[in-house]
Amino acid sequence: ASASAAAATAVDGAPCQVDSRARWEARTVNASYAAGLRLLSSGAWDLAPSQLARALPNAPWRMVHLVRDPFDAVVSAYHYHQTTDEPWVHEPSPAWHRRMGLRPSLPRGASTTFAQQLRALDRATGVVLQAQQSRRTLATMVAVAEACAPPRCTNLRLDDFQRDFDGAASALLRALGARPAVMGE
């Protein structure tokens, strides 16, 4: 497990590990599972069920893929990328911006960063620019959702937690293999 991982103990005493900053690697997950890992929050929006199947071929793994409305994700990213301290958004005149063909484009030779550009644009234009920058991420999220199939992998929409928290929480617990409590136990 990485140094950024936070350890906790599940109700049944099995160790849980949550690590949202370290890059997901099959060898790390496989070693962690062998050491008792039972809960993984990868933080990897591109983690596909097939990767877990290869990393844990003999383990009874389950995956819950949280699906977010793409528009909500873009608007959230638009606000986040204006204020984050992630280095890539503060890189002056990034080459990836031109390679992706983002519009409006950054002026050649300008030392403008992506964060500065988002802050300088009106909201509607900034959200469109953010949507262009998010294309690959959103396409990958859709591909993971399409590859996710019960019983090993379950898609849960974040909106469902707002509409019917109890129902969504029950679906989450079922996806993780929790059994309903029997009255009188």
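For the structure itself, consult the block above.
Residues numbered from 1 in each chain as written. Predicted model: local features only at pLDDT ≥ 70, side-chain atom pairs only at ≥ 80, totals over all residues. Heavy atoms only, no water.

Enquirer: Outline the overall build of the protein chain, listing residues and values.
Expert: Of regular secondary structure, the protein chain possesses 9 helices and 4 strands. Written out in order from the N terminus, the α and β elements of the protein chain read β-β-α-α-β-α-α-α-α-α-β-α-α. Buried residues in the protein chain amount to 31% of all 185 residues. Considering only contacts within the protein chain whose residues lie at least 6 apart along the sequence, 51% involve residues at least 24 apart. Accessible surface for the protein chain amounts to roughly 11800 Å². Of this, 56% is attributable to carbon and sulfur atoms. (Helix = DSSP H or I, 4+ residues; strand = E, 2+ residues; numbered from the N terminus. Buried < 20%, exposed > 50% of the residue type's maximum accessible area, 1.4 Å probe, protein only. Contact = heavy atoms within 4.5 Å. Areas by Shrake-Rupley, 256 points an atom, 1.4 Å probe, with all protein chains shown as cover.)

Enquirer: Explain the pattern of salt bridges residue by residue, including any values.
Expert: Scanning all chains against the criterion turns up 2 salt bridges. With a shortest N-O distance of 3.2 Å, arginine 157 and aspartate 159 are connected by a salt bridge. For arginine 157, a relative accessible area of 33% puts it in the partly exposed group. For aspartate 159, a relative accessible area of 15% gives the class buried. A salt bridge links arginine 163 to aspartate 160; the shortest N-O distance between them is 2.9 Å. Separated by 3 residues within a single helix, arginine 163 and aspartate 160 lie in helix α8 (residues 158-163), roughly one turn from each other. (Salt bridge = Lys/Arg side-chain N within 4 Å of Asp/Glu carboxyl O.)

Enquirer: Break down the environment of leucine 121 for me, with residues and values.
Expert: Position of leucine 121 among the secondary structure elements: in the loop between α5 (114-120) and α6 (123-133). Taking the C-alpha atoms as reference points, leucine 121 and proline 104, 17 residues apart in sequence, are found 9.3 Å from one another. Not counting chain neighbours up to four residues away, the residues in contact with leucine 121 comprise Tyr78, Pro104, Gly126 and Leu129.

Enquirer: Requested: an account of the nonpolar core, with residues and values cited.
Expert: Counting 12 residues, the largest nonpolar core consists of Ala73, Val74, Tyr78, Val89, Trp96, Leu102, Phe114, Ala115, Leu118, Val127, Leu129 and Leu138. Counting residues per element, the ones that place at least two in this core are α3 (70-83), α5 and α6. Apart from residues no more than four positions distant in its own chain, alanine 73 is found in contact with Arg68 and Leu138. Among the nonpolar cores identified, the runner-up in size contains 9 residues, and Leu52, Met63, Cys148 and Cys153 belong to it. (Core = buried A, V, L, I, M, F, W, Y, C linked by side-chain atoms within 4.5 Å.)

Enquirer: Residue-level account of the pairing of strand β3 (residues 63-67), with values.
Expert: Of the two faces of β3, the one holding Met63, His65 and Val67 is buried and the one holding Val64 and Leu66 is not buried anywhere. Of the pairings in the sheet, the one linking β3 to strand β4 (residues 153-157) comprises 5 bridges and is parallel in character. Note on β4: the bridge partner recorded for methionine 63 is cysteine 153. (Pairing = 2+ DSSP bridges.)

Enquirer: Go over unusual backbone geometry, please, and point to the residues and values.
Expert: Arginine 103 connects to proline 104 through a cis peptide bond whose omega is 5°. Within the secondary structure, proline 104 is located in the loop between α4 (95-99) and α5. Proline 150 connects to proline 151 through a cis peptide bond whose omega is 5°. By the element assignment, proline 151 lies in the loop between α7 (135-147) and β4. The backbone of serine 93 sits at a positive phi, close to 45°, despite the residue not being glycine. By the element assignment, serine 93 lies in the loop between α3 and α4.

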